[in-house]
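This is what each chain is made of:
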Amino acid sequence: MDSHTPNGLLTGPNLVSCIGELSPQDYNDFIHCTQIATTSADMLASRFADSAKWLNEYVSTLSFFGWVVFQDAILTRTRHDLSSSVAQFLIKSAHGMQDSRQANAMIDTLDALKPDQPALCSLDEESLMGERFQVIPARYDSKGFLEIAVFNLELAVQARKNSFLFWSWQDQSAKIIQQRVYLKLDKRILERKRALLENKCHDLVMKRFDLRKVRPR
């Protein structure tokens, strides 16, 4: 897969996991929309102090570029006790999804992230060591439409740790608080907004880490 699109990507507080291989055009469009949505939401509200307002603006910006919310709306907050690492929680959650490939894709993304020290430091910094971050699986549906699930996550702990994603939180009363929203791309809308999308891309300053799992030879 090294010659194709990556297993995933980290940009700002967003950890993307690709389920299957996305086309280079779709991959870049998706990442640029994600970065623009993050920047727009950051300008309106603090993702830490007013996460609801931040997430609404994030989703609204994605919708403007053609990402249509489906399955109604942003789902209500759910709380989960954490008995291992956040990474293990994400893998376990992925196993419960309808697409059986999602867990493998999450494992590949996390395996690629774990040894990437600059990316881990960036995630710690952007999320305040897990206080607010997002995990976004991306895939094509059975009809070839690109769809994503945005999991907006809060790690509730007494003490923050570096590389929070892989820290074992066993016996520390840690919890994960989660909201999620599902979106599907209408490419007709995106194409009508492409000139604006490309113009805004020139102003982006957000770091971007493409994550590729190293395959044994």
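First, a word on what this report is: a plain description of the structure on this page.

Rules used in this analysis
Chains are numbered independently. Their residues run from 1 in the order of the written sequence. Where totals are concerned, whole chains, interfaces and linings use all residues; where local detail is concerned, this predicted model gives features only for residues with pLDDT of at least 70, and gives and counts side-chain atom pairs only at 80 or more. Heavy atoms from the whole structure form the basis of all side-chain values; hydrogens and water molecules are not counted. Numbering of helices and strands starts at the N terminus; helices are DSSP runs of H or I of at least 4 residues and strands are runs of E of at least 2. In this treatment the radius of gyration is a C-alpha quantity, and the globule benchmark scales as 2.2 Å times the residue count to the 0.38 power. Think of it in three bands: with a 1.4 Å probe and only protein chains considered, a residue is buried below 20% of the maximum accessible area for its type, exposed above 50%, and partly exposed in between. The accessible surface values rely on the Shrake-Rupley method and a 1.4 Å probe; as for residues, cover is taken only from the protein chains in view. A positive count includes Lys and Arg, and a negative count includes Asp and Glu. His and the chain ends are not counted in either. For charged residues, the charge sits on one atom: NZ in Lys, CZ in Arg, CG in Asp, CD in Glu. Salt bridges are identified by distance alone: a Lys or Arg side-chain nitrogen within 4 Å of an Asp or Glu carboxyl oxygen. Cavities and pockets were defined on a 1 Å grid built over protein atoms only: a cavity is a set of grid points that admits a 1.4 Å probe from which the probe cannot escape, a pocket is an open set flanked by protein on both sides within 12 Å along at least five of seven lines, and lining residues are those with an atom within 4 Å of any such point. Grid points are joined across faces, edges and corners, and a volume is the space filled by probe spheres set on the points. Classification used: nonpolar for Ala, Val, Leu, Ile, Met, Phe, Trp, Tyr, Cys and Pro, charged for Asp, Glu, Lys and Arg, polar for all others including Gly. Here a polar contact is recorded for every N or O atom pair within 3.5 Å, except that within protein the pair must consist of a potential hydrogen donor and a potential acceptor, and residues adjacent in sequence are included only if both atoms are side-chain atoms. Only heavy atoms matter for contacts: two residues are in contact if any of them lie within 4.5 Å across the pair. Put simply, a nonpolar core is a bunch of buried Ala, Val, Leu, Ile, Met, Phe, Trp, Tyr and Cys residues held in one set by side-chain atoms that sit within 4.5 Å of each other.

So, the overall build of the protein
When helices and strands are counted, the protein shows seven helices and eight strands. Relative to the compact-globule value of 17 Å for 217 residues, the protein shows a C-alpha radius of gyration of 16 Å, a close match. Dimensions of the protein along its principal axes, counting C-alpha atoms only, are 50 × 45 × 35 Å. Counting over 217 residues, the protein shows a buried share of 49%. Summed over its atoms, the accessible surface of the protein is roughly 10900 Å², and 50% of this surface lies on carbon and sulfur atoms. With 27 positive and 26 negative side-chain charges, the protein shows a separation of 3 Å between the mean positions of the two kinds.

Side note on the pattern of salt bridges
Evaluation of the coordinates by the stated rule reveals 13 salt bridges. Notably, a salt bridge pairs glutamate 147 with arginine 139, separated by 2.7 Å at the nearest N-O pair. A salt bridge links aspartate 210 to arginine 208, with the nearest nitrogen and oxygen atoms 3.5 Å apart. Owing to a relative accessible area of 34%, aspartate 210 belongs among the partly exposed residues under this scheme. A relative accessible area of 29% places arginine 208 in the partly exposed class. Residues participating in the shared-partner salt-bridge network are Asp29, Glu191, Arg194 and Glu198.

Details of the layout of surface pockets
In this model, the largest pocket occupies a volume close to 300 Å³. For the largest pocket, the lining is made up of 14 residues, of which Met97, Gln102, Arg139, Glu147 and Tyr182 are closest to its centre. Counting only elements with at least two residues in the lining of the largest pocket, the list comes to strand E5 (133–140) and strand E6 (146–156). It is E6 that contributes the most residues to the lining of the largest pocket, four residues altogether. A per-class count over the lining of the largest pocket returns eight nonpolar, three polar and three charged.

Section: the side chain of serine 51
One can find serine 51 in helix H2 (residues 51–64). At a separation of 3.0 Å, a polar atom in the side chain of serine 51 contacts the side chain of arginine 132. When near neighbours in sequence (up to four residues on either side) are disregarded, serine 51 contacts Ser46 and Arg132.

A closer look at empty space enclosed by the protein
What the rule picks out here adds up to one cavity of 30 Å³ or more. Roughly 40 Å³ of internal volume is contained in the largest cavity. The wall of the largest cavity is formed by Pro13, Arg47, Ser51, Trp54, Arg132, Phe133, Gln134 and Asn152. Counting residues per element, the ones that place at least two in the lining of the largest cavity are H2 and E5.

Quick look at the nonpolar core
Counting 32 residues, the largest nonpolar core has Val86 and Leu165 as its most contacted members. For this core, the secondary structure elements donating two or more residues are helix H3 (86–95), helix H4 (101–113), helix H5 (117–127), E5, E6, strand E7 (174–185) and strand E8 (209–211). Among all residues touching valine 86, those that are not within four sequence positions of it are Phe133, Leu155, Phe164, Leu165, Trp167, Trp169 and Ile176. In terms of nonpolar packing, the next biggest core, distinct from the first, is built from 30 residues, Phe30, Ile31, Ala45 and Tyr58 among them.

So, unusual backbone geometry
With a phi close to 55°, leucine 128 is a non-glycine residue in the positive phi region. Structurally, the position occupied by leucine 128 is in the loop between H5 and E5. Although it is not a glycine, serine 163 sits at a positive phi angle of roughly 50°. Since its relative accessible area comes to 23%, serine 163 is described here as partly exposed.

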